[in-house]
Structures are given as structure tokens and as C-alpha cells.
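Coordinate analysis (summary)
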Amino acid sequence: QSDIWGAALGMCLTNVFLLWAVPLLASVVPHNSLNPDTHLAVVAVLGGILEVILWVSRRSKELRLFLRHIRFLTPSVRILFAVALQVLIFTTCSLSADDVLLLGTASGLSVPADWVGKDFVVDADPATLVWNPKTISVILPCAEEREYALKTVKAVFDSTPPEVLHEIIVVDDGSSPPLTQTYLDEDAQRQYKTKVLRHTRTVGLIQAKKTGGDAATGDIIVFFDCHVAPQPEWHRSFLKLIGQNYRRMVVPQITDLDIDTWTQNDKAGGGRAKCYLTWDADFKWFDSDDVYIAVISGGLLGMSRRWWFETGGYDEQMLGWGGENLDQSLRVWLCGGEIVAAEDSAVAHMWRLGTFATRARYWTVGDTAANRARAVYGWYGEFAEKLSHFPNFNMRNWGRSFGFGPWYGNVSNIWAVRDRLKCRPFAWFLQRFKSLYEDAGLIPRQVFKLREEGIGKCLRFDGSAGTSKDGLGTASLASCDGDEDHRLFWHVGNRNARTGRCCSGLRAWNTDQCLQDLGGGLFKTFVCETAGISFLQEWAASSSTGRLASSYNDRCAEVEDGGLQEVACQQAGGSRSRWSKVSAIVPLERKLYEKAHQEHAEVFANMDKQLFAAGEAFPSRSRAICDTALGGCIELYPQAGGFERCLSIPPSHQAGAFVQDLTECTSFYVFGGALKPAHAQDFCLGRSRNASTETWGIFICDGGPSQKFQRYEGAFCNAADECLAFK
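Now for a quick tour of the structure. (Residues numbered from 1 in each chain as written. Predicted model: local features only at pLDDT ≥ 70, side-chain atom pairs only at ≥ 80, totals over all residues. Heavy atoms only, no water.)

**Considerations on the overall build of the protein**
Selection criterion: Counting from the N terminus, the helices are the DSSP runs of H or I reaching at least four residues and the strands are the DSSP runs of E reaching at least two. It only takes one pair of heavy atoms within 4.5 Å for two residues to be counted as in contact. Computed with a 1.4 Å probe, the accessible areas rest on the Shrake-Rupley method; for each residue, only the protein chains presented here act as cover.
Summing up its helical and strand segments, the protein has 19 helices and 34 strands in all. Long-range contacts, defined as pairs at least 24 residues apart, comprise 70% of the intrachain contacts of the protein with a sequence gap of at least 6. Put simply, the protein shows about 32900 Å² of open surface, and 55% of that area lies on carbon and sulfur atoms.

Here you go:
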């Protein structure tokens, strides 16, 4: 009977350990070989095998007699065995050179002698970066892409001139059967100028790209996904832009691919290319008035082979997919390079839409969170302290207290690149994109609580720190107690679209959420439009009036029956709802930013000169169109009243206003009978439905009567005989 209870107890303890302790241990042991779901599945299977082995051993009389004497040690023996299995998982799942099989004639990494041993100058004279590239190597990482791999190869081959296309390198990342036995046999490789490298097992997109990049021999290395169709002339901007600066990374416009015809879906709208980096190592789409990209969204990009070599390419310790875009973006910007959008180069891309045809057909490997952590811990420097504000980082760091290494692995390889190239501090990146991080409020001067004085409660964001999973959130009234509760703190955010400076909205601290509207007794929030193009997010707390109000529709937040509701501000003139900013503090990110400016004064001294050079190389869209449009740009004024007020319209579907500050005038140019704003060239000037003759705005161009203009002496008038003076 005691043996039965001992066996049961041993099995119970072992199962508890396998289900809880081992996964927790795995979370702090540095590894990137398996994602959490696959990792737990492997542990469960091996745990079951272990139980069978131990059960069978009890059927042996000799082993049963032996175990009778050490039955109380059985759980410990099992635990040690389970740990050994964990070590086996980690060591056998790492990529080795033997896992890569060369199936083409790619010669591997060959570095010209004049690249080696040269002194690297991070702030180099632009004239020294000019060169004349001739050829392009296109890298396609393909994991179980099957027929899509062949379609992509053909699309690349057909869209690129033969004298430019040096090679297509397909990296078969563990496809079964191998692509060389199905869609990319020797005849296909010969026909489409293709070489195939193979990983015998899947290691993920990042290492597949690294394998291909190291093997490339063209002047420029271009990385595409294995389900794309580059559009005609895509290569021209890559040769031109990278030729102007060998340290320049170029990103095409990413458009939508019709997988049935393998052509660009023109109905899906224009492409996107720009993202910015959030404090919790995520990235968000944004738009700006120039071609520079703070953070790339993914893997469609090109760079010179020399720059690939100098910066070390992709991090060899990242597995799977995700996080490499952050690492590459910071690596380029901080180490003397730049990233620009090729606005006339389009690549149609198949998006993973959850359908049978677009699903991923490969085994997921790696840990995206660990990859992102490697990028930010590798490049943030002192700003890495900010990561402690986010649970997805802070909770996984607990193992450091017990002597474990970093859960994201050793980043000394990234630091080696940083030190070798004498890269700039992370604060330089924040200053370089001042329009995002300062003007859009991501480095706020202060954070504060918003207290409604009537009931003494504060507005609290109901979500958690970091990026919202669905883009939505809410905020409600709660106790103001506890300065350690960061969800009680807010700060100004989103650029003021009229002035280009900070700020036009209110953002929940350490989140991506801004106040948007009210409903159901709550404030509703949404992902912040950092460019200030969402008029719904124009909320402000006024210290003089005590109002928490929307400047868009003159609506105020009012407390009613313990909840929040939206009322016309005129009704709130003498109301009981009066809001104030309390408990204001200087946030950590601001302290670190100002400290960096003091400690690296010489680095920031060159910033104005660098930004001026950038503006000369790539004028803003407004400046560029005003320089090239027939007749240049004009400013608009009321037909009556002289030129004391001009029309100012933010870059959105929003009614503008006639303002007395003539520095805020919006520039327009004439195009096909329409008046287009220089800063938002996809829109047209028109009248809203408001009866006032001063209500104008920019809208999607529809050719309607309010958008068709004719020029008369000193005025433009539309088909409805509504006129504006100009000069």
C-alpha cells in the first residue's frame, strides 16, 4: 500500500513540476529555439514518456525492490531527469553550420579587401558615401511556401532587367519536401537565375535572411518575403537611393497582392512603409511629410552589401520572426546610416488574413518577445530602465534575482557592433525623430492625474501598460490614491496638425491609447494618431476653465450619476464638473532624455546640420510639390475681408478655419481643376454641409461641384459659386 501511495505521490509531484516549474524555469533560461506553445508541447510529450519509463521500471522485480528503498527520492530523480530533458531541448534546437545545405553555386560571404581595417566614421562626409551600384541580389526566405515560392521567383525575374538582377537566392527554411524536389528544380533555377540554400530544419525568417544575405554577391542586397510580386521599375529607386549613400536602407511601398492573379490589387489603396518605435518595443504605423522612416515594419528592404557587412547583418541569436525590424532600424540609424521610403517603388505583398490560402504552413519557432527584448536591451542603453514599466518585460526579469542570465540571452554581439562602429546613443534617435517623440508627446515633460473636483475621483485608464491588442480601450473614474498606479497618469499627445508642434490630445501614460469619445458612462480610447490627423482625439484639460473638452466639437466631459457623459460645453458653463491636473511628475523617459543631452552634447551639436542636410537631400512633400507644380503654391483667404486671415486646414478630413496667424496658412496647388493641399496630396479642398461660407475642409477627391474650381481675377470659385481669394 505504501508503494502505491509513494508512486502516486511521485507521479503527482512530477506532473506538477512538468506543468508549472519547468515552464517557469524555461522562461528565464536563455533560449530562442522554441516558442512557448511548442516548448510546452515538447515538455508535455517528454514528461509522458518519462512517466511510461518509470511505470515500466516498476514492473521489474529488481527495480521495484530498489525503488522501495528510495521511493521518497523518486520525485527528485524525476525532477533532475526533467531538467536534463530541458537542457537537451535547448541544445539540440540551436542552429549549427551542419543544418545549412548549399544547393546552388552561391560562394558564401566574400568581403573586398578595402572594406577591412578602414576607420569607420559614424558622422561621415556625405560625399564619401556616394558610389555606383550596378547589380542586385534578391533574397527570398521560403518556409513551406510551395507554389508561392515559384510565383515569387518568376515575379522578381520578370520585373527586373537581366543586367541588374545578379541572382535570386531562395533560402528553403526546412520545407518538406525540399523546394528543389518540387517547384524549384534545376531547370527552374537555371531559367530564373536562382540559387537555393537549404536549412534542413526550420529556424525562422530571421536566420533564413541572414543565410541568404551572407551568401549574396550583388552590389545591393534586397530582401523580399516569399509571397510578393515586385511591380515594374521597382529596382530603379533602390539603385538610385542606395547609390547616393551606401549606408542607406531603402523600403518600398508595400501594397496588396491578389493571390489568384499574382498581381497588385489596385483597389486596396496605396502602400505603407513607415512605423515608429514605442517604449514597450512595439511599432505603430504613422505618416509624415518626408521620406524618412524611423522603424521599418518588416522584411521588405534593400541595402548595400558593404553596409550589410559593416553592421553585421541580422542578429544571429534571433530565431523565428519578429523583432529583427527593431534591431535593424536602430542599428542603421544609430550607427551612421538612414532609412528612406522609395515612394515610386511598389511591391505587392500577400497578407496573412487567416484564410486557408494565406495561412502560414510552417512550424513556428523562436520567441518574438525575446527577439524584441534583444533589440531594445541591445540598443536602448540607459533607456532600458524604462522597460521596467511594462509587465511583459518586468515579469520575465525575475530570474535575475536568483542568478539566472537574461531571459532574452546575451546581447554582447550587438554591443560589439555598437562599440566597433562607435554608434550614437539611443537619445540621438529620439532627437532625430523629434516630430514623433517630442512634438507628438512620446517624451512628455510631465505626466499628471486628471481629477474631477466635484467627486474627488480621477480618470483612470482601464487597460494595462503597453500596446493594446485590439486598438481599443476605456477610461473611467476611480480613486486618486496611489502614485505607483501608472494607469492614473496622463500626458499631452499627438501633434497639433495646424502648428506641427505638441500637442492636441491626451494620452494614457505608457500606452498607445488616446482619449477619443464618450459612451456608456466611460471614456473610449483608441490608438493615438501621432500626426494629429484624428480630430476625434482633440481633447484638452484647461486649467483656466476647468473643462475637459473636445476642441473639435466643443463638447465637454461631465460627471453624471457617478459616470461620464458628453455634453455641449455651453451647458457645462456653470456645472459641477471641474477638472484639474494633479500629482504632476517628470517621467523617467524625460529625465533620461535630458541627461543624455547633457552627457553627449557633442553628439547633439551636429544634429541641426544633419537635419538640414537631410532636408536638402529630400525636401518635404509640401516643399517638393510647391517647387514642381505649375504655378507653384497659393494661400487662400476669405473673398471679403482682405488678407488678414488665411485658410488653415490640418491634414485630415476636417473642416479648417480662417486664422489670423499667417504662419499657419495651408499651401494649395492647382491640379486638374481641383485645389489640393500640398501636405495631403490625396485630398481636395471642398465645402462641408455647414451653411457657413467659412466652412471649408479637405476631403477625398470626388469631383463634386464644391471641389471643381475655376480661376478668376484674384479668386478661385467652385461650381456652386463659392469663392476664395488667393495670393
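Text resumes after the structure shown.
**Digging into the pattern of salt bridges**
The criterion, for reference: In the sections that follow, a salt bridge refers to a side-chain nitrogen of Lys or Arg positioned within 4 Å of a carboxyl oxygen of Asp or Glu.
As enumerated under the stated definition, the model contains 25 salt bridges in all. With its nearest N and O atoms 3.9 Å apart, the salt bridge here joins aspartate 214 to lysine 210. Note that aspartate 214 and lysine 210 are positioned in helix α7 (residues 205-215) at a spacing of four residues, about one turn of the helix. Notably, a salt bridge pairs glutamate 453 with arginine 451, separated by 3.3 Å at the nearest N-O pair.

**Focus on the packing of aromatic side chains**
Quick reminder of the rule: The rule is short: rings of Phe, Tyr and Trp, with Trp giving its six-membered ring, pair when the centres are within 6.5 Å, and they are stacked under 30 degrees, edge-to-face over 60, tilted in between. Partly exposed describes any residue whose relative accessible area lies between the buried limit of under 20% and the exposed limit of over 50%, with all areas from a 1.4 Å probe on protein chains only and scaled to the type maximum. Look at NZ for Lys and CZ for Arg. If either is within 6 Å of the ring centre and within 35 degrees of the ring normal, a charge sits over the ring.
Tallied over the entire structure, the rule returns 30 aromatic pairs. Relative to tryptophan 308, the ring of phenylalanine 223 has its centre 5.3 Å away and its plane inclined at 40 degrees; by these criteria the two rings are tilted. Taken together, the residues span a long stretch of sequence, with phenylalanine 223 in strand β5 (residues 220-223) and tryptophan 308 in helix α9 (residues 305-311) at a distance of 85 residues. One exposure class covers both phenylalanine 223 and tryptophan 308, and it is buried. Just above the ring of tyrosine 292 sits the side chain of arginine 432; from NZ or CZ to the centre is 4.8 Å.

**Let's talk about empty space enclosed by the protein**
This is how it is decided: A 1.4 Å probe that fits but cannot get out identifies a cavity on a 1 Å grid over protein atoms alone, an open set with protein on both sides within 12 Å along at least five of seven lines counts as a pocket, and a residue lines either if it has an atom within 4 Å of a point. Grid points are joined across faces, edges and corners, and a volume is the space filled by probe spheres set on the points. Ten residue types, Ala, Val, Leu, Ile, Met, Phe, Trp, Tyr, Cys and Pro, are classed as nonpolar, four, Asp, Glu, Lys and Arg, as charged, and the remainder, Gly among them, as polar.
Taken as a whole and judged by the stated rule, the model has six cavities of 30 Å³ or more. Taken as a whole, the largest cavity encloses approximately 140 Å³ of empty space. If you go around the largest cavity, you meet 19 residues; those closest to its centre are Trp279, Leu442, Arg507, Asn510 and Thr511. Within the lining of the largest cavity, the residues separate by chemical class into eight nonpolar, seven polar and four charged.

**A word on the sheet that holds strand β34 (residues 723-726)**
Selection rule: When DSSP finds two or more bridges between a pair of strands, those strands are recorded as paired. An axis is simply a line fitted to the C-alpha atoms; with a helix, the fit covers only the stretch in contact. Between two such axes, the angle follows the N-to-C directions and lies from 0 to 180 degrees.
Across the sheet, four strands lie side by side as β25-β34-β33-β32; this open sheet has antiparallel pairing. The open sheet terminates on both sides in strands that have one partner only, identified here as β25 (636-638) and β32 (709-712). Between one strand axis and the next, the sheet turns by 35 degrees as a mean value, whatever way the strands run. As paired strands, β32 and strand β33 (residues 715-718) are joined by four bridges and run antiparallel to one another. Within β33, the position partnered with glutamine 710 by the bridge is cysteine 717.

**Considerations on the nonpolar core**
Definition in use: What is meant by a nonpolar core is a set of buried Ala, Val, Leu, Ile, Met, Phe, Trp, Tyr and Cys residues, joined one to another through side-chain atoms within 4.5 Å.
Phe224, Tyr380, Phe429 and Tyr437 are the most contacted members of the largest nonpolar core, which totals 112 residues. For this core, the leading source of residues is helix α11 (residues 368-379), giving six residues. The residues contacting phenylalanine 224, other than those within four sequence positions of it, are Val138, Ile139, Leu140, Pro141, Val156, Pro230, Trp234, Gly299, Leu300 and Val347.

**Some points on the state of the cysteines**
The following threshold applies: Note on terminology: disulfide denotes any pair of cysteine sulfur atoms within 2.5 Å.
By the definition in use, this model includes eight disulfides. Two residues share a disulfide in this structure: cysteine 142 and cysteine 226, whose sulfurs sit 2.0 Å from each other. Handedness here is read from the sign of the S-S torsion; for cysteine 142 and cysteine 226, about 80 degrees, the answer is right-handed. Pair noted here: cysteine 142 is in strand β2 (residues 136-142) and cysteine 226 is in the loop between β5 and β6 (228-230), with a separation of 84 residues, a long-range link. Two residues share a disulfide in this structure: cysteine 514 and cysteine 528, whose sulfurs sit 2.1 Å from each other. As the torsion about the S-S bond is roughly 105 degrees, the cysteine 514-cysteine 528 disulfide counts as right-handed.

**Quick word on α11**
Where we set the bar: Here the expected span of a helix is defined as 1.5 Å times the quantity of residues minus one. Identification of polar contacts relies on pairs of N or O atoms within 3.5 Å, with a donor-acceptor requirement for protein atoms, meaning one able to donate a hydrogen and the other able to accept it, and with residues adjacent in sequence counted only if both atoms are side-chain atoms.
For α11, which comprises twelve residues, the first-to-last C-alpha distance of 17 Å matches the rise-based estimate of 16 Å (1.5 Å per residue) to within 8%. Of all the residues in α11, the buried ones are Ala370, Asn371, Ala373, Arg374, Ala375, Val376, Tyr377, Gly378 and Trp379. Buried-residue contacts for α11 involve α7, α10 (324-334), α12 (391-394), α13 (412-420) and α14 (426-432). By the N-cap criterion, in which a side-chain oxygen at the helix start approaches the backbone nitrogen of a residue two or three places on, α11 is capped by aspartate 367, the distance to alanine 369 being 3.1 Å.

**Some details on the pairing of strand β19 (residues 522-527)**
Pairing of strand β15 (residues 472-478) with β19, which is carried by four bridges, proceeds in the antiparallel orientation. Looking across to β19, one finds that alanine 475 is bridged to phenylalanine 523. Relative to β19, strand β18 (residues 513-519) runs antiparallel, the two sharing six bridges. Note on β19: the bridge partner recorded for cysteine 514 is phenylalanine 526. Counting the residues in the hairpin turn of β18 and β19 gives two residues, including glycine 520, whose phi is positive at 65 degrees.

**A few points about the side chain of glutamate 145**
Mapped onto the fold, glutamate 145 is located in the loop between β2 and α5 (147-159). Aside from chain neighbours lying at most four places away, what touches glutamate 145 is Cys226, His227, Arg352 and Arg361.

**Some points on unusual backbone geometry**
The omega torsion of the bond from serine 176 to proline 177 falls at 0 degrees, within 30 degrees of zero and hence cis. Structurally, the position occupied by proline 177 is in the loop between β3 (165-173) and α6 (186-191). Located in the positive-phi region is asparagine 510, a residue other than glycine, with phi close to 60 degrees. With respect to the element layout, asparagine 510 can be found in the loop between β17 (502-508) and β18. Of note in this structure, aspartate 561 is not a glycine but carries a positive phi near 55 degrees. Examined against the element boundaries, aspartate 561 turns out to sit in the loop between β22 (555-560) and β23 (563-568).

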